[in-house]
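This is what each chain is made of:
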Amino acid sequence: MPDLDTLFGGHFMSEVANPYVTYAALRQREPVILVNLPLAPGYLVTRYADAVSVLKDAALFSSRANAKGIGLVMGKTILEMDGKEHTRHRNIVSTAFVPKALQGELPAVIEATAHEMIDAFVRDGHADLVTQFTRTFPLRVIAHIIGVPIEDYETFKRWSLDLIGFADDPAKGFEAAAKLVEYLRPIVDSHRVEPRGDLLSTLTHADVDGHRLTDEEVYSFLRLLLPAGSDTTYRLIGSTLFALLTHTEQLEEVRANRAAVAPAIEEALRWEAPVQFAARETTAPTTIGDVELPEGAPVLTAIGSANRDERHYQDPDRFDIHRRADDHVAFGFGRHFCLGSHLARLEATTALNALLDRLPHLRLDPSADCAVVGLAFRSPNRLPVRFG
Ligand code: HEM
């Protein structure tokens, strides 16, 4: 049985440069393959149709797999819940992320945040858009929505990255989880006493079957929402910028016609899915294609591979904003479909428009050495640009 690391030439959380050659070979030869995953052996599913059928069937492919993975550091969250329990808990926060909730003052806050961050480097003529923009921008937005007055974004960013990177360094992951709670405790306490109009007030006062969420349940929600709302979206904005900066004719098209911003973001979601895998576990013996899986088998749907499946997309490795590939699975599929997809799109659109408005002749630094990297999560390692 091959190791995931050996298959892809790098560790789960490391800077794997290009998993797509391996994905293509697996889709062709062994689309459902038993591999050594970071925590246990499991089945890697690489074709689009198979990935969708796994994600669609929540009864047969349970999300409890996440309890043995990311749930170890996040605590029990909706990511690992099934059935009615999942619906009840998802409903507590879902209204905060529907398109209607993203109207009102929020778009202006997001736009002001983007411009404030650009102000800090706009006169320099150059910047690294990863360290100076993409990494922190979504964290500031999600902190605002939740109602966490994060003063020290750098520390928070570190905890957030250590949390989702726990498979790589469990000690750091657990330490980050504990530090996050220490930081959040007084904030959660004050929201319990005095609710404000933010998401933390909703969480601390929600009624689930006649009782309030416990502190631990609230912390788990926050340990999910903070990284889910920031580490993913920063990757999307970075990869969209990378795609456009390396396809300059499409960059110019988007600059001239801002209606093309949304399709460019959608194509970037397909082309470089920020989250590459979704974990499930079989609840009964079953088959995927002609491979038999026992009950309790871990299954890893390779979202990034599904999005590049030649059976579903023509010339899938080509970045093309005219493709209209809005059936990509970058946000998952089925009942666990990403809760923050509308917010992520709003943030990415606002960021792209602000950067294009403020940075004329935006281009990659000719001496730039940057690439989209990663296996579990992917985004550019740096984006050194020049402008003006
Ligand atoms: C480009 C940005 C994003 C990407 C690529 C992304 C990706 C995903 C994926 C693939 C899933 C499904 C996981 C599964 O099926 O096991 C998911 C679920 C989730 N996402 Fe996102 N996400 C993004 C942004 C956000 C944002 C901004 C939030 C903010 C709240 C968020 C919150 C969540 C939550 C709470 C879930 C769990 C939903 C459930 O289990 O019912 N995500 N996301």
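Calculation notes
Residues numbered from 1 in each chain as written. Predicted model: local features only at pLDDT ≥ 70, side-chain atom pairs only at ≥ 80, totals over all residues. Heavy atoms only, no water. Helix = DSSP H or I, 4+ residues; strand = E, 2+ residues; numbered from the N terminus. Rg over C-alpha atoms; globule rule 2.2 N^0.38 Å. Buried < 20%, exposed > 50% of the residue type's maximum accessible area, 1.4 Å probe, protein only. Contact = heavy atoms within 4.5 Å. Lys, Arg positive; Asp, Glu negative; His and termini not counted. Charge placed at Lys NZ, Arg CZ, Asp CG, Glu CD. Donors = N, O, S within 2.8 Å, 3.2 Å for Na, K, Ca; no water. Near = heavy atom within 4 Å. Polar contact = N/O pair within 3.5 Å; in protein donor to acceptor, adjacent residues only side chain to side chain. Pairing = 2+ DSSP bridges. Axes fitted to C-alpha atoms, helices over the stretch in contact; angles between N-to-C directions. Core = buried A, V, L, I, M, F, W, Y, C linked by side-chain atoms within 4.5 Å.

1. A closer look at the overall build of the protein chain
When helices and strands are counted, the protein chain shows 16 helices and 14 strands. What you see for the protein chain is a C-alpha radius of gyration of 21 Å, in line with the 21 Å of a compact globule of 388 residues. C-alpha extents for the protein chain along the principal axes are approximately 60 × 55 × 35 Å. Buried residues in the protein chain amount to 56% of all 388 residues. Within the protein chain, residue pairs in contact and separated by at least 24 positions form 70% of the contacts whose partners lie at least 6 positions apart. In the protein chain, which carries 40 positive and 53 negative side-chain charges, the distance between the mean positions of the two groups comes to 2 Å.

2. Re the coordination of the iron atom of the ligand
Within the protein, just one atom coordinates the iron atom of the ligand: Cys 338 (SG), at a distance of 2.3 Å. Positionally, Cys 338 belongs in the loop between α15 (303-306) and α16 (341-358).

3. A short note on unusual backbone geometry
With a phi close to 45 degrees, Asp 315 is a non-glycine residue in the positive phi region. Here Asp 315 is to be found in the loop between α15 and α16. Residue Asp 315 is classed as partly exposed on the basis of its relative accessible area, which comes to 43%. With a phi angle near 60 degrees, Arg 324 is a residue other than glycine that sits in the positive phi range.

4. A look at the site of the ligand
For the ligand, the set of nearby residues contains 28 residues, the closest of which are His 86, Arg 90, Arg 280, His 336 and Cys 338. A distance of 3.4 Å separates an oxygen atom of the ligand from a polar backbone atom of Ile 78. Note that an oxygen atom of the ligand is positioned 2.7 Å from one of the side-chain N or O atoms of Arg 280. Of all the secondary structure elements, the ones that give two or more residues to the shell around the ligand are α5 (83-94), α12 (215-245), β7 (277-282) and α16.

5. Some thoughts on the environment of Gly 332
Inspection of the secondary structure puts Gly 332 in the loop between α15 and α16. On the basis of relative accessibility, which here comes to 13%, the residue Gly 332 falls in the buried class. In the structure, Gly 332 is positioned 93 residues away from Ser 239 in sequence and 18 Å away in space, judged by C-alpha atoms. Excluding its chain neighbours within four sequence positions, the residues that come into contact with Gly 332 are Leu 55 and Phe 337.

6. Some thoughts on the sheet that holds strand β10 (residues 298-302)
Reading across from one edge, β1-β2-β10-β7-β3 is the order of the five strands in this open sheet, with mixed pairing throughout. Looking at the sheet topology across the chains shown, the edges are occupied by β1 (32-36) and β3 (61-62). Bridge analysis of strand β2 (residues 41-45) against β10 gives three bridges, and the strand direction is parallel. The partner of Leu 44 across the bridge, within β10, is Leu 300. Together, β1, β2, β3, β7 and β10 form the strand contacts of helix α3 (residues 48-56), whose direction differs from that of β10 by roughly 130 degrees.

7. Considering the pairing of β1
Pairing between β1 and β2: five bridges, direction antiparallel. Its bridge partner lying in β2, Val 35 is registered against Gly 42. Hairpin connection of β1 to β2: four residues between the antiparallel strands.

8. Considerations on the nonpolar core
With 117 residues, the main nonpolar core has Leu 44, Leu 129 and Phe 133 as its most contacted residues. Ranked by residues supplied to this core, first place goes to α12 with 14 residues. With residues up to four places along the chain from it excluded, the contact list for Phe 133 reads Ala 114, Met 117, Ile 118, Phe 121, Asp 128, Ala 351 and Leu 355. Among the nonpolar cores identified, the runner-up in size contains 10 residues, and Val 45, Ile 288, Leu 293 and Ala 297 belong to it.

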